[in-house]
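Coordinate inspection notes
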Amino acid sequence: SLERFREWARDGRWHAFGPACSHYDWWCFPITAVGKKKQYAVGTGEIDALRADAAFVRDYLDGVRLMLLSWGWLLAEQRW
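The following paragraphs examine the structure supplied in this document. (Residues numbered from 1 in each chain as written. Predicted model: local features only at pLDDT ≥ 70, side-chain atom pairs only at ≥ 80, totals over all residues. Heavy atoms only, no water.)

**Some points on the overall build of the protein**
When you go through the protein residue by residue, the secondary structure sums to four helices and zero strands. Counted from the first residue to the last, the protein has its helices and strands arranged as α-α-α-α. Seen along its three principal axes, the alpha-carbon backbone of the protein occupies a region of about 35 × 25 × 20 Å. A separation of at least 24 residues holds for 43% of the contacts in the protein among residues at least 6 apart in sequence. Averaging the coordinates of the 11 positive side-chain charges in the protein and doing the same for the 10 negative ones gives two points 5 Å apart. (Helix = DSSP H or I, 4+ residues; strand = E, 2+ residues; numbered from the N terminus. Contact = heavy atoms within 4.5 Å. Lys, Arg positive; Asp, Glu negative; His and termini not counted. Charge placed at Lys NZ, Arg CZ, Asp CG, Glu CD.)

**Description of the pattern of salt bridges**
Using the criterion set out here, one finds eight salt bridges in the structure. R6 is the partner of D59 in a salt bridge, and the nearest nitrogen-oxygen pair spans 3.7 Å. With a gap of 53 residues between them, D59 in helix 4 (residues 54–70) and R6 in helix 1 (residues 2–10) connect regions that are remote in the sequence. Here D59 falls in the partly exposed class, since its relative accessible area comes to 27%. A relative accessible area of 31% places R6 in the partly exposed class. Among the salt bridges present, the one from R65 reaches D62, with a minimum N-O distance of 2.7 Å. Placement of both R65 and D62 in helix 4 is noted, with a separation of three residues, approximately one turn of the helix. Its relative accessible area of 37% is what places R65 among the partly exposed residues. (Salt bridge = Lys/Arg side-chain N within 4 Å of Asp/Glu carboxyl O. Buried < 20%, exposed > 50% of the residue type's maximum accessible area, 1.4 Å probe, protein only.)

**Details of the packing of aromatic side chains**
Scanning all chains against the criterion turns up 10 aromatic pairs. On the numbers, 4.9 Å between centres and 90° between planes, the contact of F5 with Y24 is edge-to-face. Of this pair, F5 sits in helix 1 while Y24 sits in the loop between helix 1 and helix 2 (25–28), placing them 19 residues apart in sequence. Here F5 falls in the buried class, since its relative accessible area comes to 0%. (Phe/Tyr/Trp six-rings, centres within 6.5 Å; stacked < 30°, edge-to-face > 60°.)

**Things to note about the side chain of S70**
When you line up the elements, S70 lands in helix 4. By relative accessible area, S70 is classed as buried at 17%. From its side chain, S70 meets the backbone oxygen of M67 in a polar contact 2.5 Å long. In this structure, S70 is in contact with W14 and F17, ignoring residues within four places of it in sequence. (Polar contact = N/O pair within 3.5 Å; in protein donor to acceptor, adjacent residues only side chain to side chain.)

This is the structure we're talking about:
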């Protein structure tokens, strides 16, 4: 959950964002492709509903920001 990201960032546990520790891409970033984790795939209607949900978009962008921060990227400043 996003709370995991916030906890990792708060505690400076940037390594937790790495693939050796977590596979958050399955549950944090919805995709349309049906792969090994079918329960995380979303359809066009679901995507439209998520885009229309202000709370989801806010949290999604915060998750993106924290993930990029773990890579050393400052999203708001668009720089490393």
